[in-house]
Amino acid sequence: MKNSLLISVALLFCTALLSFNEANAQASLQIIHNSADPTLAALDLYIDGSATSNVYYSTATGYKSVSAGVTINIGVAYAGSGSVNDTIKNFPVVLNNNETYIAMICGVVNPLNFAANPQALQTSLQLILKSGVRKSPTDPSKTEFMFFQGVTDFDSKDVLARLNGNQFNDKSYGDTSGYNTLTPADFTFDITPFNDNFQLQYTFDVDFSAYTGYALALFTSGFDNPSANQNGPGVALFGVDSNGSVVQFSSTLRARFQAIHNCADPLLDSIDIYMFGVPVLSDFKFRTATTFLDVPAGVPLKIGVAPGNSLSEADTIKSFNLIFQNGKTYVGFASGLVNPGLFAPNPKIGRAHV
């Protein structure tokens, strides 16, 4: 009898402890609003009926502690909703205890009003749940980052960090990735078709310099063809940290350019080079070269050459109008003479100007 009583008490204690643990099981959850549908420029968010109002497109919450081991409901409503009963979509999820998640709201309310996905993927409003998310990097001297592909009218894409290789390979709409690591610096990220990395479709200036010791979630957003998608926002690349702070990386076009001073005219023993009227190289010596430099691409560049120790662009002796292609690499030689009449002519082409 005594043993039976002890067993009963033990069972009651274990049951109570299990119930207590289940009731107190918690997970960490961050939510990103990545639906580019213009009707959801702002939305109201309900987590088990608790409201967060006016969550704007391309913003994120910080991490919230939510119940784990049980079904929780994440509801989306138009901004200005009155209650959880106004939600237009509800997403029931079960999270694991002590796990960290990002939930990305993406897609559109009515896919019939938008361009179809090229791979026939479903683009109706959905919640993509990513587990194993890091709030901080494993190496505090690095920047670690994962990726969500959130552009509904994209087909499969690669994401490259120029000069640092393919970061994310074959990512279709709705895909997520694991983590990559880079030493913090200013990078150029290119988005290309899968397995065609020479066709640069979008380029972004991704400056990780201020993100040493951060774990970021990068995500693409918007539409590849806004005019076919209710004139919604164009393609953009964002990053979000564990506090919910979002940075939009600037769209850019860049080429690589190396200048070589090969002008033997003694008057140009050193030269200054101007771009857009701004000195970019000073006292550039004969028979020296620059490293490869990032330069703007896709726009006319006015590059001027002046003698060393020039005072302004007004001192240039020759200007060149150039257009570089995005992602291409160029070498430019400064050669020739300021006044060919003072030098021997070339046997084949006569006197050569700078």
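Predicted model, so just to flag it, every value in this text is computed and none were measured. (Residues numbered from 1 in each chain as written. Predicted model: local features only at pLDDT ≥ 70, side-chain atom pairs only at ≥ 80, totals over all residues. Heavy atoms only, no water.)

Chemist: Mind laying out the pattern of salt bridges, listing which residues take part and the relevant values?
Modeler: Taken as a whole, this structure holds 8 salt bridges when the rule is applied. Here Glu144 and Arg134 are joined by a salt bridge, their closest N and O atoms 2.7 Å apart. Here Glu144, found in strand S9 (residues 143–148), pairs with Arg134, found in the loop between strand S8 (126–131) and S9; they are 10 residues apart in sequence, far enough to count as distant. By relative accessible area, which is 1% here, Glu144 ends up buried. Owing to a relative accessible area of 31%, Arg134 belongs among the partly exposed residues under this scheme. (Salt bridge = Lys/Arg side-chain N within 4 Å of Asp/Glu carboxyl O. Helix = DSSP H or I, 4+ residues; strand = E, 2+ residues; numbered from the N terminus. Buried < 20%, exposed > 50% of the residue type's maximum accessible area, 1.4 Å probe, protein only.)

Chemist: So, the side chain of Asp272: which residues are in play, and what are the values?
Modeler: Tracing the backbone shows Asp272 in strand S19 (residues 270–275). Lys285 provides the closest opposite charge to the buried, unpaired Asp272, separated from it by 9.0 Å. Apart from residues lying up to four places away in sequence, Asp272 is in contact with Leu281, Ser282, Asp283, Gly304, Val305, Ala306, Pro307, Gly308, Asn309 and Ser310. (Lys, Arg positive; Asp, Glu negative; His and termini not counted. Contact = heavy atoms within 4.5 Å.)

Chemist: Which residues make up the nonpolar core, and what are the values?
Modeler: Core analysis: the biggest nonpolar cluster contains 22 residues, and Ile31 and Leu45 have the highest contact counts within it. Not counting residues up to four positions away in its chain, the partners in contact with Leu45 are Ile31, Ser50, Ala51, Thr52, Val55, Thr61, Ile74, Gly75, Val76 and Ile105. Grouped together as the second largest cluster of nonpolar side chains are 21 residues, Val159, Ala161, Leu182 and Val206 included. (Core = buried A, V, L, I, M, F, W, Y, C linked by side-chain atoms within 4.5 Å.)

Chemist: Run through unusual backbone geometry, naming residues and quoting values.
Modeler: Even without being a glycine, Asp48 presents a positive backbone phi close to 50°. Within the element layout of this structure, Asp48 appears in the loop between strand S2 (42–47) and strand S3 (50–56). Residue Ala120 is not a glycine yet carries a positive backbone phi of 60°. Residue position: Ala120 is located in the loop between strand S7 (100–106) and S8. A residue is classified by how much of its surface remains accessible, and Ala120, at 69% relative accessible area, is exposed.

Chemist: Tell me about the pairing of strand S14 (residues 202–207), residues and numbers included.
Modeler: Counting buried positions along S14 gives 5 out of 6 residues, so the element sits mostly inside the fold. As paired strands, strand S13 (residues 186–193) and S14 are joined by 6 bridges and run antiparallel to one another. Bridging across to S14, Asp190 finds its partner in Thr203. Relative to strand S17 (residues 246–251), S14 runs antiparallel, the two sharing 2 bridges. In the strand pairing of S17, Phe204 is matched with Ser251. (Pairing = 2+ DSSP bridges.)

Chemist: Residues and numbers for the confidence of the model for the protein, please.
Modeler: Per-residue pLDDT for the protein averages 91, and the proportion of residues at 70 or more is 92%. In the model, residues 9–21 has pLDDT below 50 throughout and makes 0 contacts with residues more than four positions away in sequence or in other chains. (pLDDT = per-residue confidence, 0-100.)

Chemist: How would you explain the sheet that holds S7 if you had to name every residue and give the values?
Modeler: Pairing in this open sheet of 4 strands is mixed, and the strands run S4-S1-S7-S8 from one edge to the other. In this open sheet, the two edge strands, each paired with only one partner strand, are strand S4 (64–67) and S8. The average angle at which neighbouring strand axes cross in this sheet is 35°, direction not considered. With 6 bridges connecting them, S7 and S8 associate as antiparallel partners. Bridged to Ala103 within S8 is Leu129. (Axes fitted to C-alpha atoms, helices over the stretch in contact; angles between N-to-C directions.)

Chemist: Before we move on, can you summarise the packing of aromatic side chains with the specific residues and values?
Modeler: For the structure shown, the criterion picks out 13 aromatic pairs. Taken together, a centroid distance of 5.1 Å and an interplanar angle of 15° make the contact between Phe147 and Phe168 stacked. Within this pair, whereas Phe147 is found in strand S9, its partner Phe168 is found in strand S11 (residues 166–171), the two being separated by 21 residues in sequence. In this structure, Phe147 and Phe168 share a single accessibility class: buried. When the ring of Phe257 is compared with that of Phe324, the centres are 5.4 Å apart and the planes differ by 40°; the resulting orientation is tilted. Note that Phe257 is positioned in strand S18 (residues 254–261) and Phe324 in the loop between strand S23 (318–323) and strand S24 (329–334), a separation of 67 residues in sequence. There is no split in this pair, since Phe257 and Phe324 are both buried. Members of the aromatic cluster, joined through ring pairs, are Phe145, Phe147, Phe168, Phe187, Phe189, Phe208 and Phe249. Directly above the aromatic system of Tyr63 lies the positively charged group of Lys135, at a separation of 4.9 Å from the ring centroid. (Phe/Tyr/Trp six-rings, centres within 6.5 Å; stacked < 30°, edge-to-face > 60°. Lys NZ or Arg CZ within 6 Å of the ring centre and 35° of its normal.)

Chemist: Lay out the side chain of Arg162 with the relevant residues and their values.
Modeler: Counting through the fold element by element, Arg162 comes out in the loop between strand S10 (157–161) and S11. Side-chain polar atoms of Arg162 contact the backbone oxygen of Arg254, separated by 2.5 Å. If near-sequence neighbours (up to four positions away) are discounted, Arg162 is found in contact with Thr188, Asp190, Leu200, Thr203, Arg254, Ala255, Asn326 and Gly327. (Polar contact = N/O pair within 3.5 Å; in protein donor to acceptor, adjacent residues only side chain to side chain.)

Chemist: Describe the environment of Phe194, and please don't skip the residues or the numbers.
Modeler: Tracing the chain through its elements places Phe194 in the loop between S13 and S14. A relative accessible area of 33% means that Phe194 is categorised as partly exposed. In sequence terms Phe194 and Phe168 are 26 residues apart; their C-alpha atoms lie 9.9 Å from each other. Each residue touching Phe194, except ones within four places of it in the same chain, is listed here: Ser156, Lys157, Asp158, Asn169 and Asp170.

Chemist: Outline the sheet that holds strand S12 (residues 180–182), supporting the account with residue identities and numerical values.
Modeler: Strand order in the open sheet made by the 9 strands is S11-S10-S13-S14-S17-S16-S15-S9-S12, with mixed pairing throughout. Because the sheet does not close on itself, it has two edges, and the strands there are S11 and S12. The average angle at which neighbouring strand axes cross in this sheet is 30°, direction not considered. As paired elements, S10 and S11 share 3 bridges and run antiparallel to each other. Within S11, the position partnered with Leu160 by the bridge is Asn166.

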